[in-house]
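# Descriptive analysis of the structure
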Amino acid sequence: MSNTGIKVVKDGYDVATATLLQQTFNSEKNCLKIAAEGTLTYSGAGDGSVTYSHGLGYIPAWLAWFQVSSSNKWFLQGIQEHLSGKSVIVNARTTSTELIADIYNNTGSAVDIRYVLFVDPGN
Amino acid sequence: MGNYGIKVSKPGYDVKTSSPQELVFSSKYQTLHVHSQGSGIVYDSTGRTVTVAHGLGYIPKFLVHTQVDSSLPVIGSTNYYYIVPATTTRGGIEPGQYDLDVRAWADSTNLYIKYGDSFGYKYYYTGNVNNNYGYEGVSYITGTIWNGYFSGTGAFYKSAVRFQDITISQGATIYKAILGYYLGSKVGSSDIKVSSYGIDEDNTADFGGAPWGRPLTTATANDAASGNFSTGDTWERGVTSQLQEIINRGGWSSGNPVGFIQLDNGTNNSSSNYIIDSNSSDAFYGNSLTYLKVLMVDLLANYKYTIFLDEMTG
């Protein structure tokens, strides 16, 4: 790694000698930048989907979590969560224009999906 | 993008003309801030749910990765880290596969990482093979398991089940082994009481002929299918010591079949109380719903977590 650019190190480290893992910022290494985040709500029962149009024109890196509304218990997406014999499955995916969360829900309650889309492409 | 704030471009790009994707940092865009990171090991014996206190007072965004022990090659690989949730897809686990069921969630006080009750177990099925099942009340019949008491014949029923291709080395230590029956029929409200034995043979033959005269393991266990069970439930019980005794046989060879026999142990005979487990199949994988699952080690997995300062819905 060349000795140019900007480096910021963690407390207690010397910026002149700190390794990458001891740095909190290095201008040669990309940071994931959040382009958009928000909450989608699926109020239906059974199979369905909700969509956010991001309009980036490419497939971004992303993260998503979900909760059964008002439960205040958030899961990373993709899981099948059983609630007293009832279940909810959330599988999110992205295209170059949208984030789509496919949902199976038989909980009788709405499901909230929290997404974070990054400026940075997913590949 | 407005020409304000701080921008840092990737090497080789002009910061004045770079697109957002060509910047490594821009004060216009929020980034995730790490609150804490950590790692640990989860064991079956110490509980399968890890609780990490974050003390934030609100629900944070988070990520979790899990590794399985190298002796548990989930999905054919070893020592890989998986992003949690990692789950076996609907319909069950393929023969010879290990269950993979890890989920994580956060509330305003803790991050939780939960390894499912069957995580790390390797599954063996009877397959839809009639001669891997046998029962006898008044006559010997294959293709079904029947235990308990049936007033229609006035008989107590005993059963046997056989699993093929058990890939466990001779003498290997088995941490846990569990036999699971899908209750295709459950009649009566009393417990169905059985004594479970292994068939003490190196390479037990199929049940084309009644297996009741075969040698039984010294190891045995008395179990009961609860009277509260219903049709469609799964009844699990431990057969660790029975399987260990078979695997310890000097003539045992990995890949051989194993068998288990369940004799009645005093089921209430004031009326019919019985279970039937047919070799009906799993709709997705086509396996029998009768299974033997084996956990070889206590250690389940290494895990790593990242808790962000950023609020889930902030």
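Residues numbered from 1 in each chain as written. Chains lettered and ligands numbered in written order. Predicted model: local features only at pLDDT ≥ 70, side-chain atom pairs only at ≥ 80, totals over all residues. Heavy atoms only, no water.

The helix and strand inventory of chain A stands at 0 helices and 10 strands. Dimensions of chain A along its principal axes, counting C-alpha atoms only, are 60 × 35 × 20 Å. If you take every contact in chain A between residues at least 6 apart in sequence, the share linking residues at least 24 apart comes to 58%. In the structure as shown, chain A presents an accessible area of about 6000 Å², 49% of it carried by carbon and sulfur atoms. Charge separation in chain A, taken as the distance between the mean sites of 8 positive and 10 negative side-chain charges, equals 3 Å. (Helix = DSSP H or I, 4+ residues; strand = E, 2+ residues; numbered from the N terminus. Contact = heavy atoms within 4.5 Å. Areas by Shrake-Rupley, 256 points an atom, 1.4 Å probe, with all protein chains shown as cover. Lys, Arg positive; Asp, Glu negative; His and termini not counted. Charge placed at Lys NZ, Arg CZ, Asp CG, Glu CD.)

Residue and element names in this part refer to chain B. On inspection of all chains with the given rule, the structure shows 20 aromatic pairs over all chains. Between the aromatic rings of Trp-146 and Tyr-157, the centroid separation amounts to 4.4 Å while the plane-to-plane angle is 20°, which identifies the pairing as stacked. Here Tyr-157 lies in strand S14 (residues 155-163) and Trp-146 lies in strand S13 (residues 144-150), a separation of 11 residues in the sequence. The exposure class assigned to Trp-146 is buried, which follows from its relative accessible area of 12%. Aromatic pair Phe-150 and Tyr-274: ring centres 5.5 Å apart, planes at 80°, arrangement edge-to-face. Pair noted here: Phe-150 is in strand S13 and Tyr-274 is in strand S21 (residues 273-278), with a separation of 124 residues, a long-range link. Relative accessible area serves as the criterion here: at 11%, Tyr-274 is assigned to the buried category. (Phe/Tyr/Trp six-rings, centres within 6.5 Å; stacked < 30°, edge-to-face > 60°. Buried < 20%, exposed > 50% of the residue type's maximum accessible area, 1.4 Å probe, protein only.)

Interface size is often expressed as the accessible area that is lost when the parts come together. Examined at the domain level, chain B breaks down into domain 1 (1-31), domain 2 (33-120 + 298-311) and domain 3 (127-289). Using C-alpha coordinates to define each centre, domain 1 of chain B is positioned 66 Å away from domain 3 of chain B. (Domains from an automatic or database assignment.)

A few words now on the environment of Ser-169 of chain B. All names here are of chain B. Note that Ser-169 resides in the loop between S14 and strand S15 (176-182). Look at Ser-169 and you get partly exposed, because its relative accessible area is 48%. For the pair formed by Ser-169 and Thr-220, sequence separation is 51 residues and the distance between their alpha carbons is 22 Å. For Ser-169, the contacting residues outside a window of four places in its chain are Ile-247, Trp-252 and Ser-254.

This next bit is on the pattern of salt bridges. Across all of its chains, the model carries 11 salt bridges over all chains by this definition. The salt bridge partner of Lys-61 of chain B is Glu-37 of chain A, with a shortest N-O separation of 2.8 Å. A residue pair is termed interchain when its members come from two chains, as with Lys-61 of chain B in strand S5 (residues 60-68) and Glu-37 of chain A in strand S3 (residues 34-42). Residue classification places Glu-37 of chain A among the partly exposed positions, given a relative accessible area of 29%. In this structure, Arg-93 of chain A and Asp-102 of chain A form a salt bridge, with 2.6 Å as the shortest nitrogen-oxygen distance. Arg-93 of chain A gets classed as partly exposed once you look at its relative accessible area, which sits at 40%. (Salt bridge = Lys/Arg side-chain N within 4 Å of Asp/Glu carboxyl O.)

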